[in-house]
Amino acid sequence: MKTLKLPKSKLDFFAAVIQQFGEVHAPVARGDEFAFERLERWSDARLDYNRTILPPKKYFLPPREEMFTYTADGYVPSTEGLDQKLVLFGVHACDVYGLNILDEVFLDGPHPDPYYKARRRNVAVIGIDCIPDENCFCRSMRADFVDKGFDLFFYDMGDAFFTLVGTALGDDMVLSAASLFEPVAPQDVAAYKAHSQAKAEMFKLDVEIRDLPEIFEMEYTSAIWEELGEKCLACGACSMVCPTCYCYDVQDTVKLGECAGSRERCWDTCLFSSHARVAGGENFREEQSDRIKFRFYHKQRGFVAEYGRPSCIGCGRCIVSCPVDIHVVEVLNRLRGVAHVA
Ligand code: SF4
Ligand code: SF4
């Protein structure tokens, strides 16, 4: 992978250059929190953020989107917004990893999702390294480093950004601002390695995921699921903010008398009581304990069986958003039988 160095004093110039690749969106402050939004001014970008309220999945799988309209003559796929060129600047490694997981779900296999595919093609991703806070455990989930899924990735080296070029588009971005970049020197590589080691030692939250699927297998009837079911409010916040929760519901709006209508999909979650309800009123996950157990099993066991890794990337969003303090690492460590350190 090509590596370069961008002096921090030249970041503003680079930010101006990349506008030719699409509308630039980056994390901005929203009170005490942060959100990915279109930048009015580059100075609004907060590259020192800890996590955004919603992950970048909102750009690729919007909370609500029209899929097609139909009449008696047939249907017309909806294309609004699919060809819009965007540059997402400042995506953390865990969130890039989250996109890579969504890629496996929506792009791999015989029927790639055309809406997700078009957006992934038209949205450039520029990643940036970060400092973990007390709710980050991406290192435990092997998502603190990514080697694909981004066009460029910046590592903060003090007075410069160590820059990984991930794609041909990333290379085009660098070439269009070639005078800003410098070659990497041996001392820069040494600085990168020292930074990487120092970051690894900053994590306060930890969970061992080796053999976790087997432990889940053994703990299917654990009392912990009843306990969590009693506590959980079924608000769905943990799923909505999760970079790798991708369930959606499909709803038709029919124009009565016109033989016409439209179909939309909107985010849904297995934590809602309606999620596993089928025609006739049967519900395959009747109790809240069944539903929260299902979410944990899907992420930590089912996804491993299908894709070879858990679908949790350790971003900590569900920890900070749960109104009743259900803490994913605490649950996993209790199942493991080890003390939870937070
Ligand atoms: S389960 Fe929680 S920590 Fe894991 S990816 Fe989803 S929101 Fe992040
Ligand atoms: S955020 Fe907490 S209370 Fe809300 S559905 Fe998730 S686990 Fe339950």
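Details of the structure are given in the entry above.
Notes on the structure follow. Per chain, the residues get numbers from 1 upward, laid out in the order the sequence is written. All chains are assigned letters beginning with A, and all ligands numbers beginning with 1, in the order in which they are written. Reporting of local features is limited, given that this is a predicted model, to residues whose pLDDT is at least 70; pairs of side-chain atoms are given and counted only at 80 or more, and all residues count toward the totals for whole chains, interfaces and linings. Side-chain metrics in this entry use all non-hydrogen atoms of the structure; hydrogen atoms and water are not considered.

## Here we look at the overall build of the protein chain
Now for step 1: Put simply, DSSP H or I for four residues or longer makes a helix, DSSP E for two residues or longer makes a strand, and each gets a number counted from the N terminus. Regarding its fold elements, the protein chain presents 12 helices and 12 strands.
Now for step 2: It is over C-alpha atoms that the radius of gyration is taken, and the globule rule equals 2.2 Å times the number of residues to the power 0.38. Relative to the globule expectation of 20 Å for 342 residues, the C-alpha radius of gyration of the protein chain, 22 Å, shows essentially globular dimensions.
Now for step 3: Here the C-alpha coordinates of the protein chain stretch approximately 65 × 60 × 40 Å along the principal axes.
Now for step 4: Relative to its 342 residues, the protein chain shows a buried fraction of 50%.
Now for step 5: It only takes one pair of heavy atoms within 4.5 Å for two residues to be counted as in contact. When contacts within the protein chain are restricted to residue pairs at least 6 apart in sequence, those whose partners lie at least 24 apart make up 73%.
Now for step 6: For the accessible areas, the method is Shrake-Rupley and the probe is 1.4 Å, while residue cover comes only from the protein chains on display. When the accessible area of the protein chain is evaluated, it comes to approximately 16,700 Å², of which 52% is carbon and sulfur surface. Here the term buried applies to any residue with accessible area under 20% of the maximum for its type, exposed to any over 50%, and partly exposed to those in between, with areas from a 1.4 Å probe on protein chains only.

## Brief notes about the site of ligand 2
Now for step 1: Each residue is tested against the molecule or strand, and it is near if at least one of its non-hydrogen atoms lies within 4 Å. The environment of ligand 2 is made up of 13 residues, and the closest members are Cys232, Cys235, Gly236, Cys238 and Cys322.
Now for step 2: Counted by class, the shell around ligand 2 contains 12 nonpolar, 1 polar and no charged residues. Charged means Asp, Glu, Lys or Arg here, nonpolar means Ala, Val, Leu, Ile, Met, Phe, Trp, Tyr, Cys or Pro, and polar covers whatever is left, Gly included.

## Thoughts on the packing of helix H8 (residues 223-231) against helix H12 (residues 328-336)
Now for step 1: Throughout, an axis means a line fitted to C-alpha atoms (over the contacting stretch in the case of helices), and angles, computed between N-to-C directions, take values from 0 to 180 degrees. Between H8 and H12, whose axes approach to 11 Å, the crossing angle comes to 160°. Between H8 and H12, the crossing angle belongs to the class labelled roughly antiparallel. You can see that H8 and H12 cross each other, and the crossing is right-handed. In this structure, H8 uses Ile224, Trp225, Glu227 and Leu228 to contact H12, whose residues at the interface are Val331, Arg334 and Leu335.
Now for step 2: Here the residues of the contact of H8 with H12 sort into 5 nonpolar, no polar and 2 charged. Here the angle decides the label: under 35 degrees means roughly parallel, over 145 means roughly antiparallel, 65 to 115 means roughly perpendicular, and every other value means oblique. Working rule for handedness: look at the near helix, and if it is turned counterclockwise from the far one by less than a right angle, call the crossing left-handed; if clockwise, right-handed.

## Digging into the nonpolar core
Now for step 1: As used here, the term nonpolar core means buried Ala, Val, Leu, Ile, Met, Phe, Trp, Tyr and Cys residues forming a set that is joined through side-chain atoms within 4.5 Å. If you look at the biggest cluster of nonpolar residues, it comprises 37 residues, and the most contacted ones within it are Phe60 and Phe153.
Now for step 2: It is helix H3 (residues 93-106) that contributes the most residues to this core, 8 residues altogether.
Now for step 3: A domain split of this core shows at least three residues from each of domain 1 (2-200) and domain 2 (212-336).
Now for step 4: If sequence neighbours within four positions are ignored, Phe153 has contacts with Val91, His92, Ala93, Val96, Gly127, Ile128, Asp129, Val146, Phe162, Thr163 and Leu164.
Now for step 5: Judged by nonpolar contacts, the second largest core, of 27 residues, contains Ile215, Leu228, Phe296 and Cys322. Source of the domain bounds: an automatic or database domain assignment.

## Here's the deal with the packing of aromatic side chains
Now for step 1: Aromatic rings from Phe, Tyr and Trp, with only the six-membered ring used for Trp, were paired whenever their centres fell within 6.5 Å, and each pair was classed as stacked if the ring planes differed by under 30 degrees, edge-to-face if by over 60, and tilted otherwise. Inspection of the entire model under this criterion finds 23 aromatic pairs.
Now for step 2: Ring geometry for Trp225 against Phe296: centres 5.8 Å apart, planes inclined by 50°, an arrangement best described as tilted. Of this pair, Trp225 sits in helix H8 while Phe296 sits in helix H10 (residues 288-307); the two residues are 71 residues apart in sequence, bridging distant segments of the chain. As far as the burial class goes, Trp225 and Phe296 line up, both buried.
Now for step 3: Over the aromatic face of Phe161 sits the side chain of Lys8, whose NZ or CZ is 5.4 Å from the ring centroid.
Now for step 4: Stacked on the ring of Trp267, the Lys or Arg Lys57 has its end atom at 4.5 Å from the ring centre. The rule for a charge over a ring is simple: NZ of Lys or CZ of Arg within 6 Å of the ring centre, and within 35 degrees of the ring normal.

## Considering H10
Now for step 1: Helix span, as expected, comes to 1.5 Å for every residue beyond the first. Compared with the 28 Å implied by 1.5 Å per residue over 20 residues, the 27 Å span of H10 between its first and last C-alpha is a close match.
Now for step 2: The quantity called bend is, for any residue, the angle between two axes fitted respectively to the seven residues ending at it and the seven beginning at it. The largest bend in H10 comes to about 50°, at His298.
Now for step 3: Turning to H10, its buried residues are Gln288, Ser289, Arg291, Ile292, Lys293, Arg295, Phe296, Tyr297, Lys299, Gln300 and Phe303.
Now for step 4: Considering only its buried residues, H10 is in contact with H3, helix H7 (212-218), H8, helix H9 (237-240) and H12.
Now for step 5: Immediately downstream of H10, the backbone of Gly308 shows phi near 85°, a positive value.

## What about unusual backbone geometry?
Now for step 1: We note that Arg142 has phi near 60°; this positive angle belongs to a residue other than glycine.
Now for step 2: When its relative accessible area of 45% is taken as the criterion, Arg142 is described as partly exposed.

## Points about the environment of Val250
Now for step 1: Tracing the backbone through its elements, the reader meets Val250 in strand E11 (residues 248-255).
Now for step 2: Judged by its relative accessible area of 36%, Val250 falls in the partly exposed class.
Now for step 3: Sequence spacing of Val250 and Cys266 is 16 residues, and the spatial spacing of their C-alpha atoms is 6.6 Å.
Now for step 4: Filtering out sequence-adjacent residues up to four positions away, Val250 remains in contact with Arg263, Glu264 and Arg265.

## A look at the state of the cysteines
Now for step 1: Defined by distance alone, a disulfide is two cysteine sulfur atoms within 2.5 Å. Tallying each qualifying case throughout the model produces 0 disulfides.
Now for step 2: Not engaged in a disulfide, the cysteine Cys94 finds its nearest cysteine sulfur in Cys138; these two sulfurs lie 5.4 Å apart.
Now for step 3: Here Cys94 falls in the buried class, since its relative accessible area comes to 11%.
Now for step 4: Unpaired in this structure, Cys266 has its nearest cysteine sulfur neighbour in Cys247, at a distance of 12 Å.

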